[in-house]
Amino acid sequence: MKKIISILLVITMVFSLAACSKNVSSDNLHEKDSSNNENPNKENQDVDFDKLPVINMAWGVDMHTGVIFAGCEMTDVFKDRPAYLSKIADGKYALYVDGTAAAVINHVPTKNSSESVNLLATGEIDFAILSNTAVFTAYDTNVDIQILAPIQSDGIACVATNDALFNNFEEMVEYAKNSDKPLKIGYHSSLSGPRIVIEKALTEAGLTITEDPADFNADVLTVDLKGLQNLQPALISKQVDAWVAPAPQPEISVSSGNGKLIGGLDSFSKDGKWANFPCCTFAASSKVINSSPKIVQAITQVIYDTTNYVQENKAASAKAICSNIGIEEDVFNKAFIVYNTKPTEEWQNGIGLYYDAMVEMKKFEGRLSSDKFEDAKEKVFNFTFINNVKQ
């Protein structure tokens, strides 16, 4: 009897190891997906998805990166375009090019841009929608990645606890200067645009900043709250005095009574230089750019069509996006955020301000440590695909 049990255990272990050893990537794209999830769209029912290449793409459940949910959910709107998405199951979409299924896209949800960078570094994802600052940081640390297009601008604000003794950015600066202990300001990700902007803005306002909780001589203590999900609790518990974050977190905080609005980007400097500032981008690994340019072009087309549609039809897009990111449609419609995929000179100059701020704060220690922005953008920007989309 013991011998039989032993044999059964060995067989069980062999099958378990076989299941766990499934490789998530191949030399080209990720291996074929053989799942038998439900297929909600009729057009997908005659497609053998097992024979299609699989793309892993990361974006968050927020207004900055979640704009693509409109393309994922509103297939009928985009069916006459050169490329579009059709839902196979939750988090899984068919990429159609000229009416033919060309690939399967797996959505990899991420909490912040830092997580996306880590996934790109390990080759677990091919594309990501993430902050521009995260892309430069990733490239600096030997992650081969390029920005293919902007996604949005603005949509960043500072919120404080309801009982904070300041009501706008200038008052917050004065409070920090005169306080006998550092003002605690949180951010959701160490590589986020909001963090870079607030640190630069506070430094330009004459404040000293520290990340060391034991440093009581600084005016401001910045706190990594490690994810969007921790922003509201941090205000309620008074873990921080204020935080800076992307939409819709400031709008949610104010509408729910968790905090009060201190100001948006236009208030972060007296000359308004941060107003309508660029933030999140669409990026891809160099590997997928080189190995699958047709797929890259198709997904860029989807990004272009979706982003521009949402900007022009926010109310019509609200349900598709809000149902996936978990906010009320009214909050989405009132948010100060601009969706755009044009890498204009103004946009590039805005990214340059981010880059210069990161240089001043000594954020680069690798491949970009000695590069000026003009040199860095030649390595990190790749607008070939966005310039070839069909209008």
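Residues numbered from 1 in each chain as written. Predicted model: local features only at pLDDT ≥ 70, side-chain atom pairs only at ≥ 80, totals over all residues. Heavy atoms only, no water.

Q: Can you explain the overall build of the protein chain? Please cite residues and give values.
A: Across its full length, the protein chain holds 15 helices and 15 strands. Burial statistics for the protein chain: of 391 residues in total, 55% are counted as buried. A separation threshold of at least 6 residues defines the contact pool for the protein chain, and within that pool the share at least 24 residues apart is 72%. (Helix = DSSP H or I, 4+ residues; strand = E, 2+ residues; numbered from the N terminus. Buried < 20%, exposed > 50% of the residue type's maximum accessible area, 1.4 Å probe, protein only. Contact = heavy atoms within 4.5 Å.)

Q: Hey, could you go over the pattern of salt bridges for me, with residue numbers and the actual values?
A: By the definition in use, this model includes 18 salt bridges. Note that K238 and D163 form a salt bridge whose closest N and O atoms lie 2.4 Å from each other. Here the residue K238 occupies a position in the loop between helix 8 (231–236) and strand 12 (242–246), and D163 occupies one in the loop between strand 8 (156–160) and helix 6 (169–178), the gap between them amounting to 75 residues. Under the relative-accessibility criterion, K238 is labelled partly exposed at 47%. Among the charged side chains, a salt-bridge network with shared partners connects R195, E199, E211 and K363. (Salt bridge = Lys/Arg side-chain N within 4 Å of Asp/Glu carboxyl O.)

Q: Any details on the side chain of T65? Residues and values, ideally.
A: Mapped onto the elements, T65 comes out in the loop between strand 1 (54–59) and helix 2 (69–73). Relative accessible area serves as the criterion here: at 6%, T65 is assigned to the buried category. Of the polar contacts made by the side chain of T65, one reaches the backbone nitrogen of G60; its length is 2.8 Å. (Polar contact = N/O pair within 3.5 Å; in protein donor to acceptor, adjacent residues only side chain to side chain.)

Q: Quick one: what's the story with the sheet that holds strand 1, residue by residue and with numbers?
A: If you trace the 7 strands from one edge of the open sheet to the other, you get 2-3-4-1-5-14-6, paired in mixed fashion. The sheet terminates laterally at strand 2 (83–89) and strand 6 (145–150), the two strands that pair on one side only. Averaged over all adjacent pairs, the angle separating strand axes in this sheet is 30 degrees, with direction ignored. Relative to strand 3 (residues 92–97), strand 2 runs antiparallel, the two sharing 6 bridges. Bridge assignment links A83 to a residue of strand 3, and that residue is V97. Where helix 5 (residues 132–140) meets the sheet, it contacts strand 5 (127–131), strand 6 and strand 14 (280–285), and its direction lies at approximately 115 degrees from that of strand 5. (Pairing = 2+ DSSP bridges. Axes fitted to C-alpha atoms, helices over the stretch in contact; angles between N-to-C directions.)

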